[in-house]
Amino acid sequence: MTTAGLTSTSESLSAVFSPDAILLGLEVRTKREAIERMVRHLKTLHGLGDDDERTLVQAILAREQTGTTGIGNGVAFPHCRSNAVERPLGVLALDPHGIPFDALDKQLVHCVFLLVSPQGSAKSYELLGKIAAVGKDKSQCLRLLGCRTRDALHQFLCDLDRS
C-alpha cells in the first residue's frame, strides 16, 4: 500500500482539487480514457505506485458499472475508496469538447471531479455532496463551465467552500 499526503482535519473542495490537480482539456474520447488519464495525474501528483494506479482505475470503473456518476448539466464525479490514500485526493478536469459519460441527461460531460477517499472516511460524503450540489445547480454549472484557467477554477472552488 502506498500512502499519499498528510492527514487533514478539514478537507475542502479547494484543498482536494488544488491548482496542480486541475487539468484543462483532457483530449480523450471515452469515459474510461478520462478516468485513466485523471488517475495517472493523481498518481504523478501524490506519488502513488503503479499497482495503486491500476487498482484505482479498476475500482472507479467498477463503481461506474453500478450507476453513472454523470449527474447532468455537464458534470460527473467518478469516485472510489482506497487504502492507497490517507486523505481525500482528487483531480478536476474540464474538457470543452465533452466526453460521453453515460450522464443521466444523456448529454456530454465537460467537467469531471475524480475523487479517491480513504476506506471508512466520512469526509468523502461531504465532498461528494458539495460536488453533486454544483451539478444540480444550473447557474453554478454555467459559472463552472465558464472557467478557462486553473486559477479561475480554483477560485470557483474557494468561493464554494466559503458559501
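The structure we're discussing is the one just above.
The model shown is predicted, which means the values in this text are computed figures rather than measured ones. (Residues numbered from 1 in each chain as written. Predicted model: local features only at pLDDT ≥ 70, side-chain atom pairs only at ≥ 80, totals over all residues. Heavy atoms only, no water.)

1. As for the nonpolar core
Item 1. Formed by 26 residues in total, the largest nonpolar core has its most connected members in L26, M38, L42, F101, L114 and V116.
Item 2. Counting only elements with at least two residues in this core, the list comes to α2 (31–46), α3 (50–66), β5 (89–99) and β6 (109–118).
Item 3. Among residues more than four places away in sequence, those in contact with L42 are L48, L56, L89, G90, V91, L114 and V116.
Item 4. Among the nonpolar cores identified, the runner-up in size contains 24 residues, and V16, I22, L144 and F156 belong to it. (Core = buried A, V, L, I, M, F, W, Y, C linked by side-chain atoms within 4.5 Å. Buried < 20%, exposed > 50% of the residue type's maximum accessible area, 1.4 Å probe, protein only. Helix = DSSP H or I, 4+ residues; strand = E, 2+ residues; numbered from the N terminus. Contact = heavy atoms within 4.5 Å.)

2. What about helix α6 (residues 150–162)?
Item 1. End to end, α6 covers 19 Å across 13 residues, agreeing with the expected 18 Å (1.5 Å per residue, within 8%).
Item 2. Those residues of α6 that fall on the buried side of the exposure criterion are L153, H154, F156, L157, C158 and L160.
Item 3. The inward-facing, buried residues of α6 abut α1 (13–16), β1 (22–24), β5, β6, α4 (123–136) and α5 (138–145). (Expected span 1.5 Å × (residues − 1).)

3. A few points about unusual backbone geometry
Item 1. Of note, E27 is a non-glycine position whose phi angle comes to about 55 degrees, a positive value.
Item 2. Relative to the helices and strands, E27 resides in the loop between β1 and α2.

4. So, the environment of D50
Item 1. On the secondary structure map, D50 appears in helix α3.
Item 2. Separated by 26 residues in the primary sequence, D50 and A76 have C-alpha atoms spaced 25 Å apart.
Item 3. Within the local environment of D50, its side chain forms a polar contact with the side chain of K43, the two groups lying 2.3 Å apart. (Polar contact = N/O pair within 3.5 Å; in protein donor to acceptor, adjacent residues only side chain to side chain.)

5. A short note on the packing of α5 against α6
Item 1. Where α5 contacts α6, the two axes come as close as 9 Å, and the packing angle between them is 150 degrees. Here α5 lies roughly antiparallel to α6, going by the angle between them. From α5, Q140, R143 and L144 reach across to α6, where they touch L153, F156, D159 and L160.
Item 2. Here the contact of α5 with α6 is composed, by residue class, of four nonpolar, one polar and two charged. (Axes fitted to C-alpha atoms, helices over the stretch in contact; angles between N-to-C directions. Parallel < 35°, antiparallel > 145°, perpendicular 65-115°, else oblique. Nonpolar A, V, L, I, M, F, W, Y, C, P; charged D, E, K, R; others polar.)

Any link to function would need more than the numbers given here.
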